[in-house]
Amino acid sequence: MAEIGNFGKEITFTTNAEKVLAPKNMKREVSARTKQHNLVAQKPKIEFIGPDLDETTMTIVLSAEHGVKPRKIIEKLEAAVASGTVANLVIGGKSLGKVYISKMSETWDTIWNQGELVRATLDITFSEYR
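The text that follows walks through the structure, step by step, so that each part is easy to find. Quantities reported herein were computed from a predicted structural model and do not represent experimental measurements.

## Quick notes on the packing of aromatic side chains
We describe a pair of aromatic rings using the distance from one ring centre to the other and the angle between the two ring planes.
Stage number 1. What the rule picks out here adds up to two aromatic pairs.
Stage number 2. Their ring planes at 85° and their centres at 6.4 Å tell us that Y100 and Y129 sit as a pair that is edge-to-face. Of this pair, Y100 sits in strand β9 (residues 94–111) while Y129 sits in the segment after β10 (117–128), and the two are 29 residues apart along the sequence.
Stage number 3. Classification of Y129 by relative accessible area gives partly exposed; the value is 45%.

Written out as structure tokens, the structure reads:
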């Protein structure tokens, strides 16, 4: 079993013969806070205030064909959003810090008869928590 990482106990990213649950299109945004001071007849001066909070976004495909129960994982992550769960986000053994899910969108790609969700795509934004 190859564990890729996790968001606390809420979700474990893994790939093996029975299960594939891996993030893709992962993007981190690290930025600074600045203040612009306007000057008469000159270009403005920039003042560095400090670092801003980091943000990490990723896409996760949940597929029953890959050993994942999409509805179960969606419900767990929705509960984490609703409760403001804070946990470490770890990818490749490296902690990206304490984060919470600030935004999640779901696309229900494949639904079989009787409403069984077979495949869904999640876009998740994790925001640094301080």
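## Concerning the pattern of salt bridges
Stage number 1. Counted under the stated rule, the structure contains three salt bridges.
Stage number 2. Close ionic contact of D54 with R28 constitutes a salt bridge, the shortest N to O distance being 2.8 Å. Taken together, the positions of D54 in the loop between β6 (45–51) and β7 (55–63) and R28 in strand β4 (residues 23–29) put the pair 26 residues apart, joining distant regions of the chain.
Stage number 3. For D54, a relative accessible area of 19% gives the class buried.
Stage number 4. The partner of R119 in a salt bridge is D109, and the shortest N-O contact between them spans 3.1 Å. Within this pair, whereas R119 is found in strand β10, its partner D109 is found in strand β9, the two being separated by 10 residues in sequence.

## Topic: helix α1 (residues 70–83)
Stage number 1. With 14 residues, α1 extends 20 Å between its outermost C-alpha atoms, agreeing within 8% with the 20 Å of an ideal straight helix rising 1.5 Å per residue.
Stage number 2. Close packing links the buried residues of α1 with β1 (2–7), β2 (11–15), β3 (20–21), β7, β9 and β10.
Stage number 3. Directly beyond the C-terminal end of α1, a positive phi value near 70° is found at G84.

## Side note on the side chain of T56
Stage number 1. The residue T56 is located in strand β7 in this model.
Stage number 2. Contact partners of T56, with chain neighbours within four places excluded, come to M26, K27, R28, L89, L96, I124, T125 and F126.

## A few points about the sheet that holds strand β8 (residues 86–91)
Stage number 1. Taken in spatial order, the eight strands of this open sheet run β3-β2-β1-β8-β9-β10-β7-β4, and their pairing is antiparallel. With partners counted over all chains shown, the strands left at the sheet margins are β3 and β4, one partner each.
Stage number 2. Bridge analysis of β7 against β10 gives nine bridges, and the strand direction is antiparallel. Following the sheet pairing, T59 is matched in β10 by D123.
Stage number 3. Across the sheet, α1 touches β1, β2, β3, β7, β9 and β10, and the angle it forms with β9 is around 135°.

## Structural notes on the pairing of β8
Stage number 1. Across three bridges, the pairing between β1 and β8 is antiparallel. Across the sheet, residue N6 finds its bridge partner in β8, namely V90.
Stage number 2. Judged from the five bridges that link them, β8 and β9 form a sheet pairing that is antiparallel. Residue pairing across strands places N88 opposite K98, the latter belonging to β9.
Stage number 3. In this structure, the hairpin formed by β8 and β9 is closed by a connection of two residues, where G92 is found at a positive phi of approximately 60°.

## Re the environment of T56
Stage number 1. Owing to a relative accessible area of 3%, T56 belongs among the buried residues under this scheme.
Stage number 2. As for T56 and R28, which are separated by 28 residues in sequence, their C-alpha atoms are 4.3 Å apart.

Cut-off values and rules
Residue positions are given per chain, counted from 1 along the sequence in the order it is written. With pLDDT at 70 or above as the cut-off, local features in this predicted model cover only qualifying residues; side-chain atom pairs require 80 or more to be listed or tallied, and sums for whole chains, interfaces and linings still use all residues. Hydrogens and water molecules were not included; the side-chain quantities draw on all heavy atoms of the structure. When the centres of two rings from Phe, Tyr and Trp lie within 6.5 Å, Trp using its six-membered ring, the rings pair. Their planes under 30 degrees apart give stacked, over 60 give edge-to-face, and anything left gives tilted. A helix here means a DSSP run of H or I that spans at least four residues, while a strand means a run of E at least two residues long, and both kinds are numbered starting from the N terminus. Classification of residues uses two cut-offs on accessible area relative to the type maximum, computed with a 1.4 Å probe and protein chains only: under 20% is buried, over 50% is exposed, and between them is partly exposed. Salt bridges, as used here, are contacts in which a Lys or Arg side-chain nitrogen is within 4 Å of a carboxyl oxygen on Asp or Glu. A helix's residues, less one, multiplied by 1.5 Å, set its expected span. Contacts are assigned to residue pairs that have any heavy atoms within 4.5 Å of one another. A pair of strands is considered paired only if DSSP assigns at least 2 bridges between the two. Axis lines are fitted through C-alpha atoms, for helices just across the contact stretch, and the angle between N-to-C directions can take any value from 0 to 180 degrees.

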